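# Coordinate analysis (summary)
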Amino acid sequence: MATEIGVWIAALLTLAIYSFLYKDNPLYKVAENIFVGVSAGYWAVVLWYNYAWPNLFEPLVAQGNLINLIPIIVGLMMFAPLIPKISWLIRIPLTFTMGVAMALVILQRIQGEIFPQLQATFLPLSGVSLVEVISNFLIIFGVVSTLVYFYFSKAHKGVLGVFAKLGIWFMMVAFGASFGYTVMARISLLIGRIYFLLHNWLRLI
Amino acid sequence: MNILDRISSIDRRIIFLLVALAVIIPLLIPLGLPVDVSKPVRDVYDMVDSLPERAIVVVSCDYDPGSEAELTPATVAILEHCFRKNLRVYLMGLWPPGPELGNLALEAVAPKYERVYGVDYINIGYRPGGPVMLVSLGRDVADLVRADYAGVPIDSFPLGRAVKSARDIDLVVTLSAGDPGVLHWIIYFSARYGTRIAAATTAIMAPQQYPYLSSGQLVGLLGGLKGAAEYETLVETTGRATAGMDSQSIVHLLLVIFIIMGNIILLYEKRRR
Amino acid sequence: MKQTLPLIIVFAFGFFVIIAFFIPLGAFQSASQTFETWYTGVLAFFVFIGIFNIVKVNANKIQRRLSDWQYSIILLLFLILMMGAGFIGGPEGGLFNYLFEHMQIPLGATMFSLLAFFVASAAFRAFRARTPEATLLLIAAVIVMIGRVPIGYYIWRGFPGVVEWIMNVPNTAAKRGILFGADLGLISMALRVLLGIERSYMGRGGE
């Protein structure tokens, strides 16, 4: 068994969380609240030292950049709802961040996703092996039929309906694959914790 | 009440116990099932293997403790490969806990190969700012990186002085659990500066990366713990990922049995009506 | 003023960042980068207000002796401990890193790993092939679940190849189609926000 206190703390907290599987109990609640407290404290420290101080306060305090007062005041407006008379001021930081974020989304999605992915969909249907031709055709067909499914301006009848139906089949295969991977991910996390308990704590493996 | 009725009303804690046993027993008594290697993982390996000695690889730890079980083994395997090939590692992260988790991997691997901090590897810590930061990093590192993870001036290290812009970086390997992560590196770094990007992601994110693999925006992909186990196989080490594969296999088999049993019960209930 | 000023802000900053992307002049690029730097700084306040709320809600619980108020004491104690360790010793400080390594990492990882048990329970009770589409989904899931682990390779060498084909062809096709649809939707939503048509994010009185 491990002798380091840190390993024991981690192991006991792990077991406290797992005790929830039997039923909800005070040990689990204690561990859960420790987690929330430690995480909130962690994020406060990290965000101050990595976001707020170097980007906003340090240029003002250390370099005298008065213009940095603007984002600091905008950020402090997040606390405006505490005073009902000026609670509407929270819209300023909300709209500022939404404006910049939406602009970045537009630039990011067009340049980084739509164009390269569109280019990648133009696949060769000749001059390659038969297996590749079939696979390429299925990819092109799959992309088109999935997009057709999301076209709701016309009723999914006739040819459109057939394409939409095939789009659903492609999506079901993709969702099934995603589900398989999701299960894999969750099990991997469990394996990681059990490995810690058996290897680092109990030293059985 | 017949057997199917009994099974369908089973207490879920029995299911939990079966899952726990399916994980614990293979860890205690390994089955030694062989790990096959898929093309996306082999592509990452071949990419790293093709780099000349002393090439610089950015290892970006873009994950948190919730994904540690899947991505730390991948970090360790990639670091093993880099140090064995005498490549230089520039570790950083787009998520706050990332570089600290990456540091744990560095501390485990670097001494094995007698690698020296500041010469063979460096940790520049968490870099906030997502898109803006990545664009600045590629254009002029000095603009952004003044000190390493521990606050020591970056210019006091040979590796710190060697990385001035994206031109000095031969490969970026991002270990990504979400946003910011793979997509940011692809759009704001690779698309702008042409640097090649390889990714190790959680298994949940892996299916979404295939369009980027297919378009060539990613050179390769390690998906989840299995991806890490495949990389361990390629670098001929046996780490946490390989150790967990037997358990992964048995639990998956158990879950498939549960799904089949559940659907048998469904058919039985339909027939009974 | 309460409605107009926010709409002017979202329009001005948003379109400035977009236009600056296409104009290579130094002043535009510099201003755009400044706004983006301010953006990351202001984002921190979103989390600060969240933490402030956690403290306020739990302090209120303790003061009024509401249900499970004792756990709120534990929460606030560890919040103060972690913040104290970080602000006094710095983010590279010994105690801060100790708490991170021996409490936050194991607690975070364990919380997420709980889901494995509930996925297993759901696999038994809820994953039923009631329709042809659900059947196809489950078949694909089962093939991936078995084919992606060593036991699949052990059962049949061709299994991983089948999984790779599923991931490279139908999965890529559908994910790409969804990506196009989602991106076009996101871009149209972003334009609606920038033009002030979509205001629900501003809260009550945003219309």
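Overview of the structure.

Rules of the game
Residues numbered from 1 in each chain as written. Chains lettered and ligands numbered in written order. Predicted model: local features only at pLDDT ≥ 70, side-chain atom pairs only at ≥ 80, totals over all residues. Heavy atoms only, no water. Salt bridge = Lys/Arg side-chain N within 4 Å of Asp/Glu carboxyl O. Helix = DSSP H or I, 4+ residues; strand = E, 2+ residues; numbered from the N terminus. Buried < 20%, exposed > 50% of the residue type's maximum accessible area, 1.4 Å probe, protein only. Contact = heavy atoms within 4.5 Å. Buried area = accessible area lost by both parts, 1.4 Å probe. Polar contact = N/O pair within 3.5 Å; in protein donor to acceptor, adjacent residues only side chain to side chain. Axes fitted to C-alpha atoms, helices over the stretch in contact; angles between N-to-C directions. Parallel < 35°, antiparallel > 145°, perpendicular 65-115°, else oblique. Left-handed = near helix turned anticlockwise from the far one by under 90°. Nonpolar A, V, L, I, M, F, W, Y, C, P; charged D, E, K, R; others polar. Disulfide = S-S within 2.5 Å.

## Side note on the pattern of salt bridges
- The tally for this structure, following the rule as stated, stands at 15 salt bridges over all chains.
- Among the salt bridges present, the one from Lys226 of chain B reaches Asp36 of chain B, with a minimum N-O distance of 3.2 Å. Highlighted residues: Lys226 of chain B in helix 11 (residues 224-234) and Asp36 of chain B in the loop between helix 2 (12-28) and helix 3 (39-50), separated in sequence by 190 residues.
- Classification of Lys226 of chain B as buried rests on a relative accessible area of 1%.
- Classification of Asp36 of chain B as buried rests on a relative accessible area of 8%.
- For Glu230 of chain B, the salt bridge is made with Arg148 of chain C, and the minimal N-O distance between the two is 3.1 Å. One end of the pair, Glu230 of chain B, is in helix 11; the other, Arg148 of chain C, is in the loop between helix 5 (132-147) and helix 6 (150-155), on a second chain.
- It is possible to trace a salt-bridge network through shared partners that takes in Asp36, Lys226 and Glu230 of chain B together with Arg148 of chain C.

## Points about the interface of chain C and chain A
- Of the residues lining the interface, 103 residues belong to chain C; the matching set on chain A comes to 107 residues.
- Around 10,000 Å² of area is buried between chain C and chain A when both sides are counted, 83% of it from carbon and sulfur atoms.
- Linking chain C with chain A are two salt bridges.
- For Lys165 of chain A, the salt bridge goes to Glu133 of chain C, with nearest N and O atoms at 2.8 Å.
- Our count for the chain C to chain A interface comes out at 14 residue pairs in polar contact (both at pLDDT 80 or more).
- Mapped onto the side of chain C that touches chain A, the elements with two or more residues apiece are helix 1 (4-22), helix 2 (26-63), helix 3 (69-89), helix 4 (94-125), helix 5 and helix 7 (159-194) of chain C.
- In terms of residue count, helix 7 of chain C provides more of the side of chain C that touches chain A than any other element does, 24 residues in total.

## A short note on the packing of helix 4 (residues 68-84) of chain B against helix 5 (residues 98-109) of chain B
Residue and element names in this part refer to chain B.
- Helix 5 packs onto helix 4 with a crossing angle of 45° between their chain directions and a minimal axis gap of 9 Å. As judged from the angle between their axes, helix 4 and helix 5 are oblique. Viewed along their axes, helix 4 and helix 5 form a crossing whose handedness is right-handed. The segment helix 4 lies against helix 5, with Glu68, Thr75, Val76, Leu79, Glu80 and Phe83 engaging Leu101, Ala105, Leu106 and Val109.
- Within the contact of helix 4 with helix 5, the residues separate by chemical class into seven nonpolar, one polar and two charged.

## Observations regarding the state of the cysteines
Residue and element names in this part refer to chain B.
- If you walk through the whole model with that rule in mind, you get zero disulfides over all chains.
- Cys61 takes part in no disulfide bond, and the closest cysteine sulfur, belonging to Cys82, lies 11 Å away.
- Under the relative-accessibility criterion, Cys61 is labelled buried at 0%.
- The class of Cys82 is buried, set by a relative accessible area of 0%.

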